[in-house]
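Here is how the chains run, residue by residue.
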Amino acid sequence: MKGEIYRISGPVVTIQGINTRMYDVVKIGHERLMGEVIGIEGDRSIVQVYEETAGIRPGEPVENTGMPLSVELGPGLLESIYDGIQRPLPLLREKMGDFIERGVTADGLDHEKPWEFKSTAKAGDAVSGGDVIGTVQETINVEHSIMVPPNVSGTIDEIKEGKFTVLDTICTLTDGTKLQMMQKWPVRMPRPVTKKLTPNTPLITGQRILDGLFPVAKGGTAAIPGPFGSGKTVTQQQLAKWSDTEIVVYIGCGERGNEMADVLTEFPELEDPKTGRPLMERTVLIANTSNMPVAAREASVYTGITIAEYYRDMGFDVSLMADSTSRWAEAMREISSRLEEMPGEEGYPAYLSARLSEFYERAGRVESLAGFDGSITIIGAVSPPGGDFSEPVTQNTLRIVKVFWALDAKLAQRRHFPSINWLSSYSLYTKGLADWYNDNVSPDWVKLRDNAMDLLQQESELQEIVQLVGSDALPPDQQLTLEITRMIREIFLQQNAFHPVDTFCPMDRQYMLLETIHKFADKASAALESGVTMQDIVKLESKDELGKVRFDEDFEGALKKVIDKMEDEFDSLKSEDYGARATAEEAE
Amino acid sequence: MAPEQLQRRLSKLTKEYKTITEISGPLIFLEKTEPVSYGELVHINLPDGTTKRGQVLDTSHDKVVVQVFEGTGGLNRESGVRFTGETIKLAVSSDMLGRILSGSGDPLDGGPRIIPEDRLDINGAAINPYSRLPPEDFIQTGVSTIDGTNTLVRGQKLPIFSGSGLPHNEIALQIARQAKVPGSEEDFAVVFAAMGITNEEAQYFMADFERTGALERAVVFLNLANDPAVERLITPRMALTAAEYLAYEHDMHVLVILTDITNYCEALRQMGAAREEVPGRRGYPGYMYTDLASLYERAGVVKGRKGSVTQFSILSMPGDDITHPIPDLSGYITEGQIVISRELHMKGIYPPINVLPSLSRLMNSGIGEGHTRDDHKAVSDQMYAAYAEGKDLRGLVAIVGKDALSDRDKKLLEFADMFEDRFVRQGLDEDRDIETTLTIGWEMLAELPESMLTRIDNKFIEKYHPAHKK
Ligand SMILES: Nc1ncnc2c1ncn2[C@@H]1O[C@H](COP(=O)(O)OP(=O)(O)O)[C@@H](O)[C@H]1O
Ligand SMILES: [Mg+2]
């Protein structure tokens, strides 16, 4: 059945003379631009178009594919870079050059490439949705499970082994159903699971302030809001690089082209700390930059989460970074206003909060249909206008997520990175993960952490007094608190993403650093009690040297040297002639 | 057939409609047309014989909405409307260098029409992110607060956030004069687009371009304060189209200066209001982020092409407020910002760049060994940290007096003053190379006790600290 275009207003096109269902994919105009039905009014349908619409006229033909917007799932997703509707960007470049033209279709997976398929099921096996029937070594470290699509079940009649493309039949069921390595899934529909499980393991990121103070659990949700330049993107990239996750889906949603180019050059060169393989081999990138069509930006988040779910179903721990969910929300707003829908708060559609929670709800640790334990951790950047967290996207997000990493422009301005505010951030997983830290890091980790948080809280109160009277007016023990919290901030919390060593700090090193700061604090406090002055403690060289250990290739060696020096320095402060000198100075 | 002839033939062929039903602000509404394409260029013939241009904003079987670039003054329902069947194009040629054009691309300098080598859609097309090369070539501007602490690289978009009455024009010109990639002799060009600035300001730029001979390597587009506001929506697109053409077809490194982005955004707001759209924050359209991105993202370096487009635009922050939607949305798109401070300006410091809120996001890839110098990042970080702390202490000193400060704090306080006086302050024509900038940095840092240099690796201290260098 053919219809025609009635009206064009930017990315929103009204069509008539054709039956549609909500979310059907339609082809618009002579150039067959891809669009999706997002509203139906009488005999007209409203379509958001994923490509530029300039030059299109009313009256041009329209065709309904009858399929909802879907992604292709199967071997070959890893190492790909897609636009918001899963068109591989390298393929688009081949077909149309360096600038994105329109009217070009491109399959999400390479339909020609042969993969070595090993069957793990046999004829006669009864299988149902999600069951694994074989594997493909997708990259050196990722064994890709070929699963029965969620809505299919039956008994295997024949199963093959050997080299096949994703479209070849590899398995036939007794009812004649043919299975291929590729399956399609509509992006707006969550893939089913058996049940949700409680997250119980932290996502170890190698970022001290995150792992140490505000951990996110595998299968959890975190938001990272902050004004421009406060570190959202760098933090997300750090997580994509260093997290102990098996698969990373990174969505550049309405952000900069150069940032994606950066990831594309860096990731193939960086090594996964766990496997030693290039990071790219575990990564899927989705890049729908700010100047690419907004409707495809709206779709990019769904494309990403569906791919993440597919790997989760194989039992992988997947993490998904969306930079930035605000641009996604704005895409919804742009489309909504073209539809002349009733605007809600700040012009966002009334369904903003529902869409956000549906998205974050797709995170979680689950038992997959096949019985695997898999997870998706979602980390969403939020870009509040003017850095004001009271705006709708931030507020609606905070109602859903369990971890809040609040970026602070003041910290960024003084180049305290990551500029995550330690007083206003929180993690609701801290308690649930305490056992894990106890068993895997150290029994006194929780104590050290709580103590550090407590000191930082005290610092902020003391700072208020300092603002009025100056720090010299404080009693020595409070001056010491300020000195220790400076150490916590500068040695533990600050971390330079661009330093080859400091960029990634494994958990044992994090523990050693925090423990050493505490050791210093204890010694200093004992020294104060025995009559040593703050001036002398401040002068200790071991304190400054501790600050540089995190940059040292030989971290353990450097730390040991500092600890030895610290012992010596405190010993010499204790020695008798110190007492004599101090009295002499006072007498002067 | 020459393009102009072709144009004339075409315009005879296309039908003229006299079906305007409504004129509202910069918009006209028409009925009973043949199917008209979205975004196409429109010619409107007024009863007095003049012609205006417009663009289709909304089209259906029943109604067409056109925005008129030269404003709707003088238009009436008898005016004839012709649809050209194509989107707005700019005639481009390497002969554009040295030329002064209007905000819609017509010669203003009395020179001949540009003989086109090509005619390009002014909206351009998005660079495929996969085709981009990450920018990393250090551009030396000769200004310490940029080179030293907020480094500009080729292919970057780094605007100046300023305010009324501040010397942003002087700074932009100083940079246009001094900018170079050390050790490279490649072709460069400047594309300058004025959007709604005063005639006097425009003259200031033109005089400087002429004085330094820069005009020969420049293409100038002028939409002045008394030109129609709607035209401002196409001026920057024309300029960027010219820039891309010179960069990607003629291998030039192009520096684009758009001024003033704020006037552009005001025009955008005006259009939104005329279309009775639901306004977003503070009355600006909800799609302003996307719209601005369609300008700013047209900077970059493309794999396999020699040229590049770098943007160094000027934006005046209404009420000096960096959270205002115009600087805010810009900052979310650009790769940093250079922030001009009224406070430093009042203190008589030129260039009054406040480094604290300033940022170059691409600095890390453009500095260090092989680009500038191995210690660059460390020196910059240390100066930032010390200046930020020292500046904070000024507030405290005002309350408790200097004597209540610890020795450490006193040093930091002195550092902040020294930083503004020696590092920030420099002459209008003072062109400092990067070595000089870093040397000044080290001389200042040497005034702090070495134990306070916690951001600097010991190996750099040994190599560059004045007390260690022989
Ligand atoms: N962990 C970090 N270490 C060092 N520099 C950082 C870090 N985080 C942010 N930065 C600096 O801050 C700049 C802005 O960070 P970015 O993540 O791009 O901000 P946002 O995405 O919030 O706008 C970066 O270009 C970098 O210079
Ligand atoms: Mg960012």
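Calculation notes
- Residues numbered from 1 in each chain as written.
- Chains lettered and ligands numbered in written order.
- Predicted model: local features only at pLDDT ≥ 70, side-chain atom pairs only at ≥ 80, totals over all residues.
- Heavy atoms only, no water.
- Helix = DSSP H or I, 4+ residues; strand = E, 2+ residues; numbered from the N terminus.
- Expected span 1.5 Å × (residues − 1).
- Buried < 20%, exposed > 50% of the residue type's maximum accessible area, 1.4 Å probe, protein only.
- Axes fitted to C-alpha atoms, helices over the stretch in contact; angles between N-to-C directions.
- Parallel < 35°, antiparallel > 145°, perpendicular 65-115°, else oblique.
- Left-handed = near helix turned anticlockwise from the far one by under 90°.
- Contact = heavy atoms within 4.5 Å.
- Nonpolar A, V, L, I, M, F, W, Y, C, P; charged D, E, K, R; others polar.
- Salt bridge = Lys/Arg side-chain N within 4 Å of Asp/Glu carboxyl O.
- Pairing = 2+ DSSP bridges.

Colleague: Describe helix α6 (residues 325–338) of chain A, naming the residues involved and giving the relevant values.
Modeller: All names here are of chain A. If you check α6, its first and last C-alpha atoms are 20 Å apart, about what 14 residues at 1.5 Å a residue would give, namely 20 Å. Across the 14 residues that make up α6, a large majority, twelve, are buried. Taken together, the buried positions of α6 are occupied by Thr325, Ser326, Arg327, Trp328, Ala329, Glu330, Ala331, Met332, Arg333, Glu334, Ile335 and Ser336. Backbone geometry just downstream of α6 places glutamate 340 in the positive-phi region, at approximately 55°.

Colleague: Go over the packing of helix α6 (residues 261–274) of chain B against helix α7 (residues 288–296) of chain B, please, and point to the residues and values.
Modeller: Residue and element names in this part refer to chain B. Across the interface, α6 lies against α7 with an axial gap of 12 Å and an inter-helix angle of 135°. Accordingly, the angle class assigned to the pair α6 and α7 is oblique. Handedness of the crossing formed by α6 with α7: right-handed. Contacts between α6 and α7 pair Ile261, Tyr264, Cys265 and Leu268 from the former with Met288, Asp291, Leu292, Leu295 and Tyr296 from the latter. Class assignment of the residues belonging to the contact of α6 with α7 gives a composition of eight nonpolar, no polar and one charged.

Colleague: Hey, could you go over the pattern of salt bridges for me, with residue numbers and the actual values?
Modeller: Overall, the coordinates contain 76 salt bridges over all chains when judged by the stated rule. Of the charged contacts, one joins arginine 87 of chain A and glutamate 51 of chain A as a salt bridge, the two residues approaching to 3.5 Å between their closest N and O atoms. Of this pair, arginine 87 of chain A sits in the loop between β8 (81–82) and α1 (89–96) while glutamate 51 of chain A sits in the loop between β5 (44–49) and β6 (61–68), and the two are 36 residues apart along the sequence. There is no split in this pair, since arginine 87 of chain A and glutamate 51 of chain A are both buried. The shortest N-O distance in the salt bridge between glutamate 255 of chain A and arginine 256 of chain A comes to 3.9 Å. Residues glutamate 255 of chain A and arginine 256 of chain A agree in their burial class; the two are buried. Bridged by salt links that share partners, the residues Glu483, Arg486, Lys543 and Asp544 of chain A together with Glu389 and Arg408 of chain B form one connected network.

Colleague: Quick rundown of the sheet that holds strand β16 (residues 178–180) of chain A? Include the residues and the values.
Modeller: Two modes of strand pairing occur in sheets, parallel and antiparallel, and in both the strands are linked by backbone hydrogen bonds. Residues and elements named next belong to chain A. If you walk across this open sheet you meet the four strands as β10-β13-β15-β16, and the pairing is antiparallel. Bordering the open sheet on either side are β10 (126–127) and β16, each of which pairs with just one other strand. Two strands pair when backbone bridges link them, and strand β13 (residues 154–159) and strand β15 (residues 169–173) are joined in this way by three bridges, in the antiparallel orientation. Residue isoleucine 156 lies in a different strand from β15, and its bridge partner there is leucine 173.

Colleague: Would you mind going over the pairing of strand β2 (residues 12–16) of chain A in detail, with residue names and values included?
Modeller: Residues and elements named next belong to chain A. Summarising burial for β2: five of the five residues are buried, a large majority. Neither face of β2 is left uncovered, since the one carrying Val12, Thr14 and Gln16 and the one carrying Val13 and Ile15 both have all their residues buried. Where strand β1 (residues 2–9) meets β2, five bridges bridge the pair, whose relative direction is antiparallel. Of the residues in β2, the one forming a bridge with arginine 7 is threonine 14. Turn length for the β1-β2 hairpin, with the two strands adjacent in sequence and antiparallel, is two residues, and the turn residue glycine 10 shows positive phi of about 60°. Where β2 lies against β5, five bridges are found, and the strand directions are antiparallel. The residue of β5 that forms the bridge with valine 12 is glutamine 48.

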